[in-house]
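Chain and residue survey
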Amino acid sequence: MAVEHDTDTTAFGTVSRLRGKVFEKLSLGASLFGILMLAVLLVYVTVDAFNLTSASPEWLLTYFLTLIIPFIGFCLYSADDPDLTRQTVLGLLGGLGAVRLAFYLVETFVRTIPGLTWQIVYLFAVVVPATAVVGFAGSREPVGSVGFGLLGRLIGGTSLGFMLVILFFVFEPRAWFWAYTLGLVPAALVLGYSTRRPKSPISLTVIPLVLTAGVLATRPGRPFTTIGIPTRLDQAVPVSLPGGVSVSVVALYLVVVSAAAAMAFKYVLERRTDRASEASVLAFVLAAAASVAAGQAGVAPEPILEFYAGYPTTWLIYVWTLAVPLSLASGGLTALRTSRRTGIGFGVGVFVLAVVGSQLAAVIDISPKTAILFLLTVLVPTVAYVRQVLDRREGTPGLVLPVVLVAGVLVGAVIVDIWGVARPDIWLDWPFLTNGPSSLPEQAGFYPAIVGSVILITLVALFSFTFGVGTAVFLEEYAPDTGIGGFLTRIIQVNIANLAAVPSVVYGLLGLGLFVNLIGFGLGTAITGALTLTLLILPITVISAQEAIRAVPDSMRNGSYAMGATRWQTTKNVVLPEALPGVLTGTILSLGRAIGETAPLIMIGFPNTIYNPPAGIVETTTAMPMQIYVWSSSVKSEFRYGIMAAGVVTLLVVLLLMNATAIVIRNRSEQET
Amino acid sequence: MSDSQPELDLQRTRGIERLKEGTYGSFMLVCAAVTLLTTVAIFLTLLSDAISFFQAYPFGDFLSGFEWSPNDTGGEQLFGIVPLLVGTLVVTITSAFVAIPIGTLTAVYLSEYASPRKRAILKPMLEILAGIPTVVYGYFALVYITPALQATLFPNMTTFNALSASLMVGIMVIPMVSSISEDAMNAVPDELRQAGYGLGATKFEVSTGVVVPAAVSGIVSSYILAISRAIGETMIVVVAMGSNATLPEVQNGLLGIPFVHPGDVLLEQGMTITVAMVQIVGSDLTGGTVPYDAMFALGLFLFVVTLIMNVISDIIAERYREEY
């Protein structure tokens, strides 16, 4: 015992506080290492993209005073916390002195810091973190949350409008018109009808109708004209089958519709032939007409576009396909929330605003068809939000935030103009976003790459959402746990986990072998890229969707079953709505992975340079990361430090917007529950 | 599907309802089958072209060849994988030297030391590291890291080099190591920690002497996953490492023991398996040629290696997990 006692005291004697402290600091340093390194690199790339090193201090000061200070002021006003205000002011002033001193010391005694001035260091090391902290504090109070909410709707709406413009550029509005009129409108009618009478057989036709719309929307006939027929495994002969596949899709659709129609007819004969049945028959007539027209479109794609003599203009198509349903929807929603009267007023208001506003836009030289898209995506949510805030009478001062920012930019521009302050030669400017690539750095642009990425991401979103949710629902709700079925389910599950770890470049080979050579979608086309990327992110989508579905409590399912719902009804009405925010968050995050992937795109033959954006999904395209890769082999320093940096920042901003959307969706759903 | 319904149809299910159930059920089944088919398709695609490659080029020469020159420019076309393996190993090992210590320490900090508030800030920020597109990391390595290293530590470094590419790969896989390891450490029950404290151990001793050993299976499996990720990493090395498939010079050092100077490997260009694939696809997309098939053989190699590592990591995580 005595011996043991002795060793114990010596052991106590060697307890070292220092070792523990050092280890804690070391591990903290390790956790910060990667983050800080990335932060420094991001600062450098931002500085390069905006060419801030060449910016005169006066230029930086002007915008600091007109843009950043008012923004910080707004956040402090919102936070309404004297302590925070004092700390911020002290931090900004003290930081100024500290950065100036530290920079001076380093420059004098160590070495010059490449590519940075002390003003830039101050901006990124002090002002940006301070703004983030203040912004976070401000956003938690009503005024700030209103301000950021409005700002978010403006930015989100603008991005959405931009995306729509691009999509309509690729998928011709006339094709969209057919898809909408013949597919989506009947589908919506049938869907509305079947929600009121869920047992009606008509509800079966919704999916074929939407499918038809999809087929039509992909520019009739065109996508399927060069379907390869594989003769041997390693060789595919591309043959021209004008609309061949469209025809078979339409034929399949006709079979489904006529089967459903026969059942509906039987249903009508058995039951009383009241008005509901008449409506169902009417819907079928519509569906049949749609399918016939789709057949026309499939067999002879181009003529039908020419066939319709009085073709509506693009603007009219937008009014009919976007303004009308959106005003109906927003009016309806308002009517549900408030009164019928305000609902009608709001709906009519939206419609008039879109129609009149887009025509007025011609005055300032913006084409009505572009204007109506932006009006609908930006103005409608903004107006709705402002109305809501004004009704709630809380945080109304926050509505001035966008005005403050816009005014800051304008005042800054005026000051720069009047006093002749030297402007930096910003790489990431409007021409960069709207030009095609060029060998001259001043003219080189990112436009085809942006368009390509938007197309890719839209297609990938459609595919991966469908397949991801389908697989997740199957695994969580349908798949058996025991027996041979259970064994298969486990295999699928393990397989998904393994697929997530397959290198992306191998997916590229899969795309090359399967979609390019075997099926013949063509080298470097948007559809090949989208399918390859879909397979690449499918495991991630499935796993995140599974987690969201698993989080739905079993009591809800059992409640639904107890009321006599079938499995699909339970899934559709209970599980999916509850899991939707989680599923959407996961899907958007995995789309973020897809938009940055380059290796698979190289493997499936994305071309190095494309001067014009693709005009369809079977045309060769490029994408943002692909373009960055191509620029990386350029030796000109303007490309390396200017154009490439601008491309990287654009890509990262898009990623940031996507992730922000995902976070907003998640926070919303957490607040609601 | 296989609802165990009683004979009495309490649900009053009609034919149409049952049809609907069946339709949607089979749609889901098809979706799930797509994931299985993907694996099969990957395997078949790679295998069919790899087989035709090995018909044209002996398997033994492929595995033991010391020269990689797939281009059809005059000289002999040689497809020896050894230089590519060396390049891949260099990147993998160097990045593991970055990611494993940092990732493990990060996991220890997050699971043992960080307050909930700090963890709530740090964890999403670490996830950002994994979310940055790899081509952007490659750009960082090429445009910022290499010049910075040239200006400070290694003036002899070439523009394209293995070191800065590997550093970036390492940083990219940090979150992979840290998040899986942290999950493993979080799964260690609190009783073990309390017992450690009860015996008079310090926090440092509990963290390193109790928690880490208890979570070692998860930690090791995270290492393997990270390494497998580094092996398959493409864009960072394509952009920043160059494409020179030469073996480093073996020097005769002290006592006649041959060695390779690390600088010859790290500060020079190199070529990984993934770079070789990208290079072939850049010059030859028509198909049917030997290099084209070689690309699939490399892909098959990569696929099999990562698959095996994945399975090993699963086995370690499952078998050596301490059960509490």
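Under an unreviewed UniProt entry, the name given to chain B is Phosphate transport system permease protein, and the organism recorded is Halovenus aranensis. According to its UniProt record, chain B has this under Function (unreviewed entry): "Part of the binding-protein-dependent transport system for phosphate; probably responsible for the translocation of the substrate across the membrane." Its UniProt record, at the heading Sequence similarities (unreviewed entry), says of chain B: "Belongs to the binding-protein-dependent transport system permease family. CysTW subfamily."

An unreviewed UniProt entry annotates chain A as Phosphate transport system permease protein PstA of Halovenus aranensis. The record in UniProt for chain A states the following under Sequence similarities (unreviewed entry): "Belongs to the binding-protein-dependent transport system permease family. CysTW subfamily." Comment text from UniProt for chain A, heading Subcellular location (unreviewed entry), reads "Cell membrane".

From N to C terminus, chain B includes 13 helices and four strands. For chain B, with 324 residues in total, the buried portion stands at 46%. In chain B, 76% of the contacts between residues at least 6 apart in sequence involve partners at least 24 apart.

Next up on the list: the overall build of chain A. Counting secondary structure elements, chain A contains 25 helices and two strands. Within chain A, residue pairs in contact and separated by at least 24 positions form 75% of the contacts whose partners lie at least 6 positions apart.

All names here are of chain A. Phi at Asn51 is positive, roughly 55 degrees, even though this residue is not glycine. The topology assignment puts Asn51 in the loop between helix H2 (17-49) and helix H3 (57-79). Here Asn51 falls in the partly exposed class, since 19 other C-beta atoms lie within 10 Å of it. Not every positive phi belongs to a glycine, and Asp80 is a case in point at roughly 55 degrees. Considering the arrangement of structural elements, one finds Asp80 in the loop between H3 and helix H4 (82-110).

Residues and elements named next belong to chain B. Here, the residues flagged by UniProt with the feature "transmembrane region" (unreviewed entry) are residues 27-57, 77-110, 122-145, 157-177, 210-231 and 294-317. Between the C-alpha atoms that bound residues 122-145 the distance is 24 Å, and the span itself is 92% helix and 0% strand. Regarding residues 294-317, the helix share stands at 100% and the strand share at 0%, and the terminal C-alpha atoms are separated by 34 Å.

Further remarks concern the interface of chain B and chain A. Chain B puts 75 residues into the contact, and the matching count from chain A is 71 residues. In terms of residues, the side of chain B that touches chain A owes the most to one element, helix H1 (residues 15-56) of chain B, which gives 22 residues. Class assignment of the residues belonging to the side of chain B that touches chain A gives a composition of 46 nonpolar, 23 polar and six charged.

Low pLDDT means the predicted coordinates in that region are not meant to be read closely. Model confidence for chain A is summarised by a mean pLDDT of 77, while 78% of its residues fall at 70 or above. Low pLDDT, under 50, characterises residues 295-310 of chain A; the stretch is placed with 21 contacts to residues that sit more than four places away or in other chains.

Residue and element names in this part refer to chain B. It is at 8 Å that the axes of helix H9 (residues 216-232) and helix H13 (residues 290-319) come closest, and there the two elements cross at 170 degrees. With respect to their mutual orientation, H9 and H13 come out roughly antiparallel. Residues Ser217, Gly218, Val220, Ser221, Ile224, Leu225, Ile227, Ser228, Ile231 and Gly232 of H9 form the contact with H13, whose participating residues are Leu302, Val305, Thr306, Met309, Asn310, Ile312, Ser313, Ile316 and Ala317. Class assignment of the residues belonging to the contact of H9 with H13 gives a composition of eleven nonpolar, eight polar and no charged.

In this section: helix H14 (residues 368-392) of chain A. The α-helix advances 3.6 residues per turn, and as a result positions three or four apart in sequence lie on the same side. Residue and element names in this part refer to chain A. The end-to-end C-alpha separation of H14 is 34 Å, in line with the 36 Å expected for 25 residues at 1.5 Å each. The largest bend along H14 reaches roughly 35 degrees and is located at Leu375. Burial in H14 covers these residues: Pro368, Ala371, Ile372, Leu373, Phe374, Leu375, Leu376, Thr377, Val380 and Val389. Structurally, H14 contributes buried residues whose contacts are with helix H6 (142-170), helix H12 (314-337) and helix H13 (340-360).

All names here are of chain B. Per the domain assignment, the segments of chain B are domain 1 (15-56) and domain 2 (68-319). Counting residues at the interface gives nine residues for domain 1 and eight residues for domain 2. Residues that form the side of domain 1 that touches domain 2 fall into these classes: seven nonpolar, one polar and one charged.

A pair of packed helices can be characterised by two numbers: the angle between their axes and the separation between those axes. Residues and elements named next belong to chain B. Packing of helix H5 (residues 134-152) against helix H6 (residues 162-186) brings their axes to within 9 Å, and their N-to-C directions diverge by 130 degrees. Taken together, H5 and H6 sit at an angle that is classed as oblique. Along this stretch, H5 crosses H6, giving a crossing that reads as right-handed. On H6, the residues touching Thr134, Tyr137, Phe140, Ala141, Ile145, Thr146 and Leu149 of H5 are Leu163, Ser164, Ala165, Leu167, Met168 and Met172. Tallied by class, residues from the contact of H5 with H6 come to ten nonpolar, three polar and no charged.

When pLDDT is averaged along chain B, the result is 83, and 87% of the positions lie at 70 or above. Across the whole predicted complex the pTM is 0.82, and at the interface the ipTM reaches 0.88.

With that settled, consider the environment of Ser228 of chain B. With respect to the helices and strands, the residue Ser228 of chain B is situated in helix H9. Exposure remark for Ser228 of chain B: the 25 C-beta atoms within 10 Å place this residue in the buried category.

Take the environment of Glu547 of chain A next. Residue and element names in this part refer to chain A. Residue placement: Glu547 occurs in helix H20 (residues 526-550). Overall, Glu547 belongs to the partly exposed group, with 15 C-beta atoms counted inside 10 Å. C-alpha of Glu547 to C-alpha of Glu476: the two residues are 71 residues apart in sequence and 9.2 Å apart in space.

All names here are of chain B. In this fold, Leu267 is placed in the loop between helix H11 (262-266) and helix H12 (273-283). By the C-beta count within 10 Å, which is 22 here, Leu267 ends up buried. A sequence separation of 29 residues divides Leu267 from Phe296, and the C-alpha atoms of the two residues are 29 Å apart. Contact partners of Leu267, with chain neighbours within four places excluded, come to Phe154, Asn156, Met157, Thr158, Asn161 and Leu163.

Criteria and cut-off values
- Residues numbered from 1 in each chain as written.
- Chains lettered and ligands numbered in written order.
- Predicted model: local features only at pLDDT ≥ 70, side-chain atom pairs only at ≥ 80, totals over all residues.
- UniProt positions renumbered as here; feature names shortened; annotations may be inferred.
- Helix = DSSP H or I, 4+ residues; strand = E, 2+ residues; numbered from the N terminus.
- Buried ≥ 20, exposed ≤ 12 C-beta atoms within 10 Å, placed from the backbone.
- Contact = placed C-beta atoms within 7 Å.
- Nonpolar A, V, L, I, M, F, W, Y, C, P; charged D, E, K, R; others polar.
- pLDDT = per-residue confidence, 0-100.
- Axes fitted to C-alpha atoms, helices over the stretch in contact; angles between N-to-C directions.
- Parallel < 35°, antiparallel > 145°, perpendicular 65-115°, else oblique.
- Expected span 1.5 Å × (residues − 1).
- Bend = angle between axes of the 7 residues up to and from the residue.
- Domains from an automatic or database assignment.
- Left-handed = near helix turned anticlockwise from the far one by under 90°.

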